[in-house]
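Tertiary structure, described
The lines below spell out each chain.
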Amino acid sequence: MLYDLIVIGGGPAGYLAAERAGHAGLKVLLIEKNKVGGVCLNEGCIPSKTLLHSAKVLDYAKYGGKYGVKCDAIEYDHKFVVARKNKVVNTLVSGIKMKLKMNKVTLVEGQAMILERTLEGFKVQVQEEIYIGKRMLIATGSTSIIPPIPGVEAGMKKGFVLTNKEILDLEIIPKKLVVIGGGVIGLEMASYYNSIGSQVTVIEMLSKIAGGTDHDISKLLMKHYEKKGIEFKLESKVTRLTDTQVIYEADGVEHQVDCDKVLMSIGRRPVTTGYGLENIGVELDRGAIKVDEQGRTNVVNIYAAGDVNGKSMLAHTAYREAEVCVNNILGKKDVMRYHAIPNVIYTNPEVATVGETEETAKEKGMDYSVTTLKMNYSGRYVAENDDGDGICKVLIDKKYNRLIGVHMIGNPSSEIIFGVSLMIETEMKIDDIKELVFPHPTVSEILRENIFS
Ligand code: FAD
Ligand code: NAI
């Protein structure tokens, strides 16, 4: 069977590319070995945010007294929450299947194996069937990094050590949870389990949490979490695990934490083995598929998008990269830009950032100014948050008089950041931003306050 495009991997990059290419009239085959929706929909973005939303509702109930709403008998029905999460996921998976059908995409469920390149195109095997694609888009995503620390492998077999996948489906709330890695997955899950009653310890090897996040935001975020009872062990190296403990080293001294579950969240790596990339000579760069700004690999007519190219590892980046690939396949030149892609940590409080941090601006030798305002310059924020702790930090390029970075902690920054992203992407001048009318009262006004300050 001959196709114009074979897409391997049905996550955000793969299903969106298939939909767009099908919509444009190409004959498209999408191959997915698990469930369409990929990591994002089945074990990432959507299930984690569904759980986090329940935790937020619980937080409102617990702390409702601060807003004059007393809830005396609060019951958290964990089983119900997990079942609701599964329902949300299933609804969205069905939605994607429907859209694929509407766009005349053929979906094959099974593991793809690339065999060879022939004169007709690329030969791909799924079970007993052989398919040929004139072009191919690789969108096989990423998987959790499992470090070779003694006790980890055995712990995984016993269900003591978990990845992002298993932690979403726990039947019993752990009494004591250790999170190894204080990045985005670690923090979102630490925040969730802390809210629903686990005693949580995060072990991070660096001196700050949330990796590349602005240092002031990272510090405040940690303060918020500590206030809620999460413990952090920074600059700490896990050395081994027993059946009930995580042993780590800090300042040359060995320590241990007792726990009933461990979450391993020290990063993810692109999936580039086990499906025949080597059979057609696709080049890798530090374990990721090497692509140019149009999503092309070194092999003509083979494109790659999403986590597998190792560039950003976010679903919204994967969507856009997929569109760039499809546009180029259709002969409409399109390039990928990464400088205005927002990052969000969906805990309570939310963190949302886009563009340069002070650290990266300095590294690039930019001439910039910084202003930081407390979120309670916004009336709406004060009305809705009585902690008054949020901040919004703005970086302006002095030479070109435009925004280069915005970093926020406080709710609902995840809903504000897109507008800021647009300003950075379109290189709006500060004077033009000053002329914009922001709806009042909204927390987004903090940006206007900041620019005028
Ligand atoms: P994936 O979603 O990984 O999909 C790849 C697909 O390819 C998989 O379904 C896999 O089964 C399939 N596949 C692999 N090999 C083969 C083969 N040989 N044959 C057939 N099929 C194959 N990003 C955000 O932007 N926002 C968030 O809030 C967010 N939250 C996250 C929370 C967690 C816990 C995790 C783990 C990730 C989160 N991410 C988030 C990241 C996001 O999930 C990824 O960036 C996104 O899923 C990448 O999409 P993708 O299409 O590149 O790959
Ligand atoms: P990450 O890269 O965000 O964080 C990993 C953390 O683990 C880092 O802080 C690192 O210093 C630390 N670490 C590494 N090795 C360690 C060790 N041996 N001991 C202790 N700490 C160690 O990776 P994470 O959290 O696994 O997430 C992977 C990716 O998934 C993210 O980079 C992001 O792209 C995506 N994601 C996005 C989300 C969002 O947008 N809200 C939510 C969850 C994931």
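One numbering rule holds for all chains: residues counted from 1, following each sequence as written. Here the convention is simple: chains get letters from A, ligands get numbers from 1, in the order in which they are written. Confidence filtering applies because this is a predicted model: local features only for residues at pLDDT of at least 70, side-chain atom pairs given and counted only at 80 or more, and all residues used for totals across whole chains, interfaces and linings. As a rule here, side-chain values come from all non-hydrogen atoms in the structure, and water together with hydrogens is ignored.

Observations concerning the overall build of the protein
Applicable threshold: A run of H or I in DSSP counts as a helix once it spans at least four residues, and a run of E counts as a strand once it spans at least two, with each numbered from the N terminus. The quantity called the radius of gyration is restricted to C-alpha atoms. Its globule counterpart is 2.2 Å times the number of residues to the power 0.38. Partly exposed residues are those whose accessible area sits between 20% and 50% of the maximum for their type, while under 20% is buried and over 50% is exposed, using a 1.4 Å probe and protein chains only. Whether two residues are in contact is decided by their heavy atoms, any of which lying within 4.5 Å being enough. Using a 1.4 Å probe, the Shrake-Rupley method yields the accessible areas, and only the shown protein chains count as cover for residues. Under the convention used here, Asp and Glu are negative, Lys and Arg are positive, and both His and the chain ends fall outside the count. Throughout, a charge is located at the NZ atom of Lys, the CZ atom of Arg, the CG atom of Asp or the CD atom of Glu.
What the protein contains, in helices and strands, is 14 helices and 24 strands. The globule rule puts the C-alpha radius of gyration for 453 residues at 22 Å, and the 23 Å found for the protein is close to it. Projecting the C-alpha coordinates of the protein onto the three principal axes gives extents of approximately 70 × 60 × 45 Å. Among the 453 residues that make up the protein, the fraction classed as buried is 52%. Intrachain contacts of the protein at a sequence separation of at least 6 include 64% that bridge at least 24 residues. Summed over all atoms, the accessible surface of the protein reaches about 21,500 Å², with 52% contributed by carbon and sulfur. Side chains of the protein carry 56 positive and 58 negative charges; the gap between the two charge centres is 3 Å.

Points about the domain arrangement of the protein
We count it as follows: All domain edges in this entry derive from an automatic or database-based domain assignment. Two parts placed together each lose some accessible area under a 1.4 Å probe, and adding up what both lose gives the buried area. Whenever a carboxyl oxygen of Asp or Glu lies within 4 Å of a side-chain nitrogen of Lys or Arg, that contact is scored as a salt bridge. Here a polar contact means two N or O atoms within 3.5 Å. Within protein one must be a hydrogen donor candidate and the other an acceptor candidate, and residues neighboring in sequence count only if both atoms are side-chain atoms. Three categories are distinguished: nonpolar for Ala, Val, Leu, Ile, Met, Phe, Trp, Tyr, Cys and Pro, charged for Asp, Glu, Lys and Arg, and polar for the others, with Gly belonging to the last.
Partitioning the protein into structural domains gives domain 1 (2-144 + 269-329), domain 2 (152-266) and domain 3 (343-452). Counting residues at the interface gives 7 residues for domain 1, matched by 8 residues for domain 3. Interface area for domain 1 against domain 3, summed over the two sides, is near 700 Å², with a carbon-plus-sulfur share of 48%. Ranking the residues of domain 1 by area buried against domain 3 places Lys49, Lys56 and Tyr67 at the top, with a combined share of 51%. The tally of links from domain 1 across to domain 3 stands at 1 salt bridge. Taking the shortest distance from any N to any O, the salt bridge between Lys56 and Glu350 comes out at 3.5 Å. The interface formed by domain 1 and domain 3 includes 3 residue pairs in polar contact (both at pLDDT 80 or more). Each residue belonging to the side of domain 1 that touches domain 3 can be placed in one class, and the counts come to 3 nonpolar, no polar and 4 charged.

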